[in-house]
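Each chain, letter by letter, is given below.
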Amino acid sequence: MSDTIRIDKWLWAARFFKTRGLAKKAIEGGKVHYNGGRVKTSKVVELGALLKVPQGWDTLEVEVTGLSGQRRGAAEARELYRETSASQARREREAQNRRLANQSMQGPRGRPDKKQRRAIQDFQRHGFDD
C-alpha cells in the first residue's frame, strides 16, 4: 500500500474502470467528482474523500477507505471504498423506476405475417399516400 496514489490509478485499482485510459477519459470529461468538484487525473487520493463515479445508468457516491495502486480481485477492490447510504437508496429507487418503466412498455408481438410484411414493403416504397 502506498500513500500517494493518483485518482486515475485508484479508480482503475478499485475496479470502477477496466483500464486507466477509460478512467482518465471519464475524469477529463468531468464525469468524476472529488469532494464535490471536478478533478484532474494527477490529483492524489486521500482517505475519507468523497467521489462521485458514473457506473452504467447510475452514479455512485463513495468514500475512500483504502489506497492501492495495484488492481486485485473484486473482493479486495471493494475494501478500498464504501458507498454512502444516500447513494445506495438513490440507486435502488432509480433501478425500481427503470423496472417499472420497462414493464409498462409493450414489446413486439413477434414477426409480421405475410400480409403485414407486404403492407410494410408497400409503405416503404410508396409512403403514406394510401
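Structural notes, computed from the coordinates. (Residues numbered from 1 in each chain as written. Predicted model: local features only at pLDDT ≥ 70, side-chain atom pairs only at ≥ 80, totals over all residues. Heavy atoms only, no water.)

Quick look at the overall build of the protein now. The helix and strand inventory of the protein stands at five helices and five strands. Reading the protein from its N end, one meets helices and strands in the order α-α-β-β-β-β-α-β-α-α. Over its C-alpha trace the protein gives a radius of gyration of 23 Å, far above what one expects of a compact globule, namely 14 Å for 130 residues. Along the first, second and third principal axes, the C-alpha set of the protein runs to 70 × 30 × 30 Å. (Helix = DSSP H or I, 4+ residues; strand = E, 2+ residues; numbered from the N terminus. Rg over C-alpha atoms; globule rule 2.2 N^0.38 Å.)

To continue, consider the nonpolar core. Ranked by internal contacts, the top residues of the largest apolar core, which has 23 residues, are Ile7, Trp10, Leu11, Phe16, Phe17, Val32 and Leu51. The contacts of Val32, once residues within four sequence positions are left out, are Ile7, Leu11, Phe17, Ala26, Ile27, Gly37, Arg38, Val39, Lys52 and Pro54. (Core = buried A, V, L, I, M, F, W, Y, C linked by side-chain atoms within 4.5 Å. Buried < 20%, exposed > 50% of the residue type's maximum accessible area, 1.4 Å probe, protein only. Contact = heavy atoms within 4.5 Å.)

Glancing now at the environment of Val32. In this fold, Val32 is placed in the loop between α2 (20-28) and β1 (33-34). On the accessibility criterion, Val32 (0% relative accessible area) is buried.

Below, the discussion takes up the side chain of Glu61. Here Glu61 is to be found in strand β4 (residues 58-64). Summary of buried charges: Glu61 has no salt-bridge partner, and the nearest side chain of opposite charge, Lys52, is 4.1 Å away. The contacts of Glu61, once residues within four sequence positions are left out, are Leu51, Lys52, Arg82, Glu83, Thr84, Ser87 and Arg90. (Lys, Arg positive; Asp, Glu negative; His and termini not counted. Salt bridge = Lys/Arg side-chain N within 4 Å of Asp/Glu carboxyl O.)

Moving on, we get to the pairing of strand β3 (residues 50-55). Where β1 lies against β3, two bridges are found, and the strand directions are antiparallel. Paired with His33 across the strands is Lys52, a residue of β3. Note that β3 and β4 share six bridges and pair antiparallel. Opposite Leu51, over in β4, you have Val62 as the bridge partner. (Pairing = 2+ DSSP bridges.)

With that out of the way, let us pick up the pairing of β4. For β4, a buried count of five out of seven residues is recorded, marking the element as mostly surrounded by other parts of the structure. Connecting β3 to the antiparallel partner β4 that follows it, the hairpin turn spans two residues, and Gly56 within it adopts a positive phi of roughly 65 degrees. Bridge count between β4 and strand β5 (residues 81-83): three bridges; the pairing is antiparallel. Opposite Val64, over in β5, you have Tyr81 as the bridge partner.

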